[in-house]
2 protein chains.
Amino acid sequence: MHGEADDNERETRSGRNMIEIIRTMRAELRKSDRKVADVVLKDPQRILNATVGETATLAEVSQPTVLRFAMAIGCRGFQDFKIRLAQSLAFGTPATHSVLLDTDDPETVAEKIFEYTMTSLDWARSHLDRAALRKAIDILAQARTIEFFGFGASGIVARDAQQKFPLFGVPCGAQLDSHQQIMIASMMKQGDVAFVISNTGTTRSIIEIARVARANGAAVICLTGSDSPLASYSDVALIVETLENTNMYTPTISRIAALVVIDILSTSVAMRRPLEDQARIHNMKRQLSDIRKVQPI
Amino acid sequence: MHGEADDNERETRSGRNMIEIIRTMRAELRKSDRKVADVVLKDPQRILNATVGETATLAEVSQPTVLRFAMAIGCRGFQDFKIRLAQSLAFGTPATHSVLLDTDDPETVAEKIFEYTMTSLDWARSHLDRAALRKAIDILAQARTIEFFGFGASGIVARDAQQKFPLFGVPCGAQLDSHQQIMIASMMKQGDVAFVISNTGTTRSIIEIARVARANGAAVICLTGSDSPLASYSDVALIVETLENTNMYTPTISRIAALVVIDILSTSVAMRRPLEDQARIHNMKRQLSDIRKVQPI
DNA sequence: GGTTTTATGTAATTTTACTACAAAACGGAG
DNA sequence: CTCCGTTTTGTAGTAAAATTACATAAAACC
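Residues numbered from 1 in each chain as written. Chains lettered and ligands numbered in written order. Predicted model: local features only at pLDDT ≥ 70, side-chain atom pairs only at ≥ 80, totals over all residues. Heavy atoms only, no water.

K.L.:
How should the sheet that holds strand β5 (residues 236-239) of chain A be read in this particular structure?
P.N.:
Paired through backbone hydrogen bonds, the strands of a sheet run either parallel or antiparallel to each other. All names here are of chain A. Strand order in this open sheet of five strands is β2-β1-β3-β4-β5, and the pairing throughout is parallel. A strand with exactly one partner marks an edge of an open sheet, and here the two such strands are β2 (172-175) and β5. When the angles between neighbouring strand axes are averaged without regard to direction, this sheet yields 15°. Helix α14 (residues 254-272) contacts β3 (192-198), β4 (219-224) and β5 of the sheet and is inclined by roughly 140° relative to β4. (Pairing = 2+ DSSP bridges. Helix = DSSP H or I, 4+ residues; strand = E, 2+ residues; numbered from the N terminus. Axes fitted to C-alpha atoms, helices over the stretch in contact; angles between N-to-C directions. Contact = heavy atoms within 4.5 Å.)

K.L.:
Honestly, the environment of Ala132 of chain B in this entry has me stumped. Any pointers?
P.N.:
All names here are of chain B. The topology assignment puts Ala132 in helix α9 (residues 130-141). The exposure class assigned to Ala132 is buried, which follows from its relative accessible area of 9%. Considered as a pair, Ala132 and Ile239 are 107 residues apart in the sequence and their alpha carbons are 8.7 Å apart. (Buried < 20%, exposed > 50% of the residue type's maximum accessible area, 1.4 Å probe, protein only.)

K.L.:
What am I meant to see in the protein's contact with DNA strand D here?
P.N.:
The environment of DNA strand D is made up of 17 residues, and the closest members are Val52, Leu67 and Phe78 of chain A together with Ser32 and Thr65 of chain B. Interatomic distance of 2.9 Å between a side-chain N/O atom of Thr65 of chain B and a phosphate oxygen of DNA strand D. Here Arg68 of chain B contributes a side-chain N or O atom positioned 3.0 Å from a base nitrogen of DNA strand D. Those elements giving two or more residues to the surface near DNA strand D turn out to be α5 (52-59), α6 (63-72) and α7 (78-88) of chain A together with α3 (31-42) and α6 (63-72) of chain B. Ranked by residues supplied to the surface near DNA strand D, first place goes to α6 of chain B with three residues. Among the residues forming the surface near DNA strand D, the class breakdown is six nonpolar, eight polar and three charged. (Near = heavy atom within 4 Å. Polar contact = N/O pair within 3.5 Å; in protein donor to acceptor, adjacent residues only side chain to side chain. Nonpolar A, V, L, I, M, F, W, Y, C, P; charged D, E, K, R; others polar.)

K.L.:
When you look at unusual backbone geometry in this model, what are you seeing that I'm missing?
P.N.:
As a rule of thumb, non-glycine residues mostly have phi less than zero, and peptide bonds are mostly trans rather than cis. Residues and elements named next belong to chain A. Located in the positive-phi region is Glu60, a residue other than glycine, with phi close to 60°. Considering the arrangement of structural elements, one finds Glu60 in the loop between α5 and α6. Overall, the relative accessible area of 67% leaves Glu60 in the exposed class.

K.L.:
Quick question: what am I supposed to make of the sheet that holds strand β2 (residues 172-175) of chain B here?
P.N.:
Residue and element names in this part refer to chain B. Taken in spatial order, the five strands of this open sheet run β2-β1-β3-β4-β5, and their pairing is parallel. In this open sheet, the two strands that pair with only one neighbour each are β2 and β5 (236-239). Direction aside, neighbouring strands of the sheet carry axes that sit 15° apart on average. As paired elements, strand β1 (residues 145-150) and strand β3 (residues 192-198) share six bridges and run parallel to each other. Bridging from a neighbouring strand, Glu147 pairs with Ala194 of β3. Along the sheet face, helix α12 (residues 204-215) touches β1, β3 and β4 (219-224) and points at about 165° away from the line of β3.

K.L.:
Looking at this structure, how should I read the protein's contact with DNA strand C?
P.N.:
With respect to spatial proximity, 16 residues lie near DNA strand C, and among them Ser32, Thr65 and Arg68 of chain A together with Val52 and Phe78 of chain B are the closest. Counting only the atoms of DNA strand C within 4 Å of the protein, the fraction contributed by sugar and phosphate is 73%. The backbone of Val52 of chain B places a nitrogen or oxygen atom 2.5 Å from a phosphate oxygen of DNA strand C. Counting residues per element, the ones that place at least two in the surface near DNA strand C are α3 (31-42) and α6 of chain A together with α6 and α7 (78-88) of chain B. Among the elements that take part in the surface near DNA strand C, α6 of chain A stands out by supplying three residues, more than any other. Looking at side-chain class alone, the surface near DNA strand C contains six nonpolar, seven polar and three charged residues.

K.L.:
Can you help me understand helix α10 (residues 152-164) of chain A in this one?
P.N.:
The periodicity of an α-helix, 3.6 residues per turn, causes residues three or four places apart in sequence to face the same way. The end-to-end C-alpha distance of α10 of chain A, which contains 13 residues, comes to 19 Å, matching closely the 18 Å that a straight helix rising 1.5 Å per residue would cover. Buried within α10 of chain A are the following residues: Ser154, Gly155, Ile156, Val157, Ala158, Asp160, Ala161 and Lys164 of chain A. In the core, the buried residues of α10 of chain A are packed alongside β1 (145-149), β2, β3 and α14 of chain A together with α10 (152-164) and α14 (254-272) of chain B. (Expected span 1.5 Å × (residues − 1).)

K.L.:
Can you help me understand the packing of helix α8 (residues 106-127) of chain A against α9 of chain B in this one?
P.N.:
A packed helix pair is summarised by two numbers, namely the angle formed by the two axes and the spacing between the axes. Taken N-terminus to C-terminus, the directions of α8 of chain A and α9 of chain B make an angle of 105°; their axes are 9 Å apart at the nearest point. By the angle class used here, α8 of chain A and α9 of chain B are roughly perpendicular. Residues Pro106, Glu107, Ala110 and Glu111 of chain A of α8 of chain A form the contact with α9 of chain B, whose participating residues are Arg130, Leu133, Arg134 and Ile137 of chain B. Here the residues of the contact of α8 of chain A with α9 of chain B are counted per class, giving four nonpolar, no polar and four charged. (Parallel < 35°, antiparallel > 145°, perpendicular 65-115°, else oblique.)

K.L.:
Could you clarify how one ought to interpret the pattern of salt bridges in this entry?
P.N.:
Two side chains of opposite charge can pair, provided their charged atoms sit close to one another. Taken as a whole, this structure holds 26 salt bridges over all chains when the rule is applied. Here Asp192 of chain A makes a salt bridge to Arg144 of chain A, at a shortest N to O gap of 3.4 Å. Separated by 48 residues along the polypeptide, Asp192 of chain A in strand β3 and Arg144 of chain A in the loop between α9 (130-141) and β1 bring together distant segments of the chain. Given the relative accessible area of 44%, Arg144 of chain A is considered partly exposed. Of the charged contacts, one joins Arg211 of chain B and Glu208 of chain B as a salt bridge, the two residues approaching to 2.9 Å between their closest N and O atoms. With a gap of three residues between them, Arg211 of chain B and Glu208 of chain B both fall in helix α12, about one helical turn apart. By relative accessible area, Arg211 of chain B is classed as partly exposed at 37%. (Salt bridge = Lys/Arg side-chain N within 4 Å of Asp/Glu carboxyl O.)

K.L.:
Any chance you could explain the pairing of β1 of chain A here in plain terms?
P.N.:
On a regular strand, one side chain projects to one face of the sheet and the next to the other, so that they alternate. Residue and element names in this part refer to chain A. Most of β1 sits inside the fold, with four of its five residues counted as buried. Pairing between β1 and β3: five bridges, direction parallel. Bridge assignment links Thr145 to a residue of β3, and that residue is Asp192. In this sheet, β2 lies alongside β1 in parallel orientation, the contact comprising four bridges. Across the sheet, the residue bridging to Phe148 is Ala174, located in β2.

K.L.:
Explain the pairing of β4 of chain B to me, please; I cannot follow it from the model alone.
P.N.:
Residues and elements named next belong to chain B. When you tally the buried positions in β4, you get six out of six residues, the bulk of the element. Neither face of β4 is exposed, since Ala219, Ile221 and Leu223 on one face and Val220, Cys222 and Thr224 on the opposite face are all buried. In terms of strand pairing, β3 meets β4 through six bridges, oriented parallel. Bridge pairing links Phe195 to Ile221 in β4. Running through α12, the crossover from β3 to the neighbouring parallel element β4 is right-handed. When β4 meets β5, the two strands line up parallel, connected through four bridges. Looking at β5, one finds that Ile221 is bridged to Val236. (Right-handed = clockwise from strand over helix to strand, strands pointing away.)

K.L.:
When you look at the packing of aromatic side chains in this model, what are you seeing that I'm missing?
P.N.:
The description of two aromatic rings rests on the distance between their centres and on the angle between their planes. Residues and elements named next belong to chain A. Evaluation of the coordinates by the stated rule reveals eight aromatic pairs over all chains. Aromatic pair Phe69 and Phe81: ring centres 5.6 Å apart, planes at 85°, arrangement edge-to-face. Here Phe69 is found in helix α6, whereas its partner Phe81 is found in helix α7, with twelve residues between them in sequence. Phe81 sits in the buried class, given a relative accessible area of 1%. (Phe/Tyr/Trp six-rings, centres within 6.5 Å; stacked < 30°, edge-to-face > 60°.)

Below you can see the structure in the form of structure tokens.
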């Protein structure tokens, strides 16, 4: 039988996103199995509440074919397939289906953007390099000072990071102006960390920042959207892949994924701190919340 | 039988997050049903690949009891229950299980924060007031100028919004300084929109901004985390509920949910624009990406 | 064109989910 | 405390679904 030998391998695979798996495997499926794949891709939600028999009717094939299809894509059976499919569909319709249309009303736009954001985050999670993350945390935890660099949307991320990290006793700066950036970068020295944020990773001035900071002995961590030129000038490259496409309506998800990575870094660094420091942070937070309620900052 | 009359009502409910539903309904369940609820809550992943019989054995009850349990929590049957449970579990372990521990390694921290962020976004989505959203879009689409106000983490959101909206031909400002805020707010007039961002919604100075702007005839939209005092000074209150808890390690999710709402608003406003404007935005984006690759901004 | 291999459907079998009914537990009223 | 009504839970049976075995049809290879 077809694909029998591969089953074991497939069962140990990450097991994520059936839709994606079906779509990539569609070409190498049997003719009849492809019919089943098509009805699943066409309306996955429908299949969730369907039996083998119903699915067979929809695909115009026999019941065992539906079973064989489930096996072929690496499931233990039809039930197992439905469970996995359900999990893949939890974010609602998969990203490719949620392209914004001019005719969408606000409710639909909201649903689609939420879904798109969550799907993208899920994607970013599964593609994040854990080794790089660990290395970045090591460097940040030992930093004397940290400078965050970024333009535009990445500037927002830099500023956010700069608001977070000082809480853990490390002096931080965020440079968003081109000239300031070069100045600060050229003043950095061993023990300092330059945290360079750029979604494209191709902006020339930002690459220059990384080069200068590194030449002066500072450690360079970059947070970027793909394996870009910037990465080669960095000690650690945190690559946050997202599903960003060119559709003009598609909002920029990259900054959100970047913010989550900043959360992870700051939290992990905080956890390395001695307990007394953590208590101090706790106090600061409480004071801040007291201030908020009584008097403006 | 118990709960029979409610079934119809429950079937029409949002249908999201079984875990949450089970936990809240646990108290009002039958004694035996509670046993089933407990084994489900203890290891939901286990139940996904279990049959009615296995579940019954695990819970030390009879098979029909498992069925009745599924009915009691509003499912059509055991299959339906498993499908729904699978969808709830797609984010991995539910938020309440993903409390950060001092002993967690970076990989675990990353997983938990991603999960927590996604779960919270999902929560925010399901609790967002669609009517308020629609009203906010109406107001923003007709605005002559928009001013965004925010402190601290909310300041980040304000700045992000200010970077997005000008793309659609509406002049925008972001005020992050207390004195500037009051100045700008008192200069606003009819046709202007004050977009006030505050997670707590209790900071006094930010409430003052809303009051002043409104007194001058400006429309006031607020983006806040709960039905706070700020909401009562606003024409539209966009309440973005999140699962934020007091654990010191828990990162601030509110700003991420707020950013998504900003995305939704800016996208929806853009879609109201005439097509010629949209083409203009497209051009601007292309120019920007050209600049990025060749020369620093 | 015949033979081997692969793909698909038919029919039987097993498993699973669900239902009807009866026994047990519970709760009040006399 | 005992009787009766209600609710809860289990036993046994039934219907339906998933899975398997086998046979036939199609394709590929010589």
